[in-house]
Amino acid sequence: MARVVVDVMLKPEILDPQGQAIARKLPQLGFEGVAAVRQGKRFELELDGPADEAALEEVRKIAETMLANPVIETFEIHAL
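So, a few notes on the structure that sits alongside this text. (Residues numbered from 1 in each chain as written. Predicted model: local features only at pLDDT ≥ 70, side-chain atom pairs only at ≥ 80, totals over all residues. Heavy atoms only, no water.)

### Some points on the sheet that holds strand β1 (residues 2-10)
Turning to step 1, where the next piece is worked out: The strand order β2-β1-β3 describes an open sheet built from three strands, whose pairing is antiparallel. Each edge of the sheet is formed by a strand with only one pairing partner; in this case those strands are β2 (40-47) and β3 (73-79). Ignoring which end each strand starts from, the neighbouring axes of this sheet average 20° apart. (Pairing = 2+ DSSP bridges. Helix = DSSP H or I, 4+ residues; strand = E, 2+ residues; numbered from the N terminus. Axes fitted to C-alpha atoms, helices over the stretch in contact; angles between N-to-C directions.)

Okay, structure coming up:
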């Protein structure tokens, strides 16, 4: 059994109002030195078998189809 993580982030050219709101609030909470924040999503998929090339390709298809919007988001896949 293997676990695969899919990290989904907005593309750099897409505005991130939630990340901007967090960045504005941090100094008010006493946190200094953070120039910018980008908000994203993390999905953990538990596979029945090993995280081989075929399984990772299947996860890539899942990410493209359901987990990420390829118009405004990018994703990265990591086997744990």
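### Let's talk about the side chain of D16
Turning to step 1, where the next piece is worked out: Looking at the secondary structure, you find D16 in the loop between β1 and α1 (17-28).
Turning to step 2, where the next piece is worked out: There is no salt bridge for the buried D16, and the closest opposite charge comes from R38, which lies 4.2 Å off by N-O distance.
Turning to step 3, where the next piece is worked out: A polar atom in the side chain of D16 sits 2.6 Å from the backbone nitrogen of Q39.
Turning to step 4, where the next piece is worked out: In this structure D16 touches L10, V37, R38 and Q39, once residues within four positions along its chain are discounted. (Buried < 20%, exposed > 50% of the residue type's maximum accessible area, 1.4 Å probe, protein only. Lys, Arg positive; Asp, Glu negative; His and termini not counted. Salt bridge = Lys/Arg side-chain N within 4 Å of Asp/Glu carboxyl O. Polar contact = N/O pair within 3.5 Å; in protein donor to acceptor, adjacent residues only side chain to side chain. Contact = heavy atoms within 4.5 Å.)

### Points about the nonpolar core
Turning to step 1, where the next piece is worked out: Formed by V4, V6, V8, L45, L47, A55, V59, A63, L67 and A68, the largest nonpolar core amounts to ten residues.
Turning to step 2, where the next piece is worked out: At the level of secondary structure, the elements contributing two or more residues to this core comprise β1, β2 and α2 (53-67). (Core = buried A, V, L, I, M, F, W, Y, C linked by side-chain atoms within 4.5 Å.)

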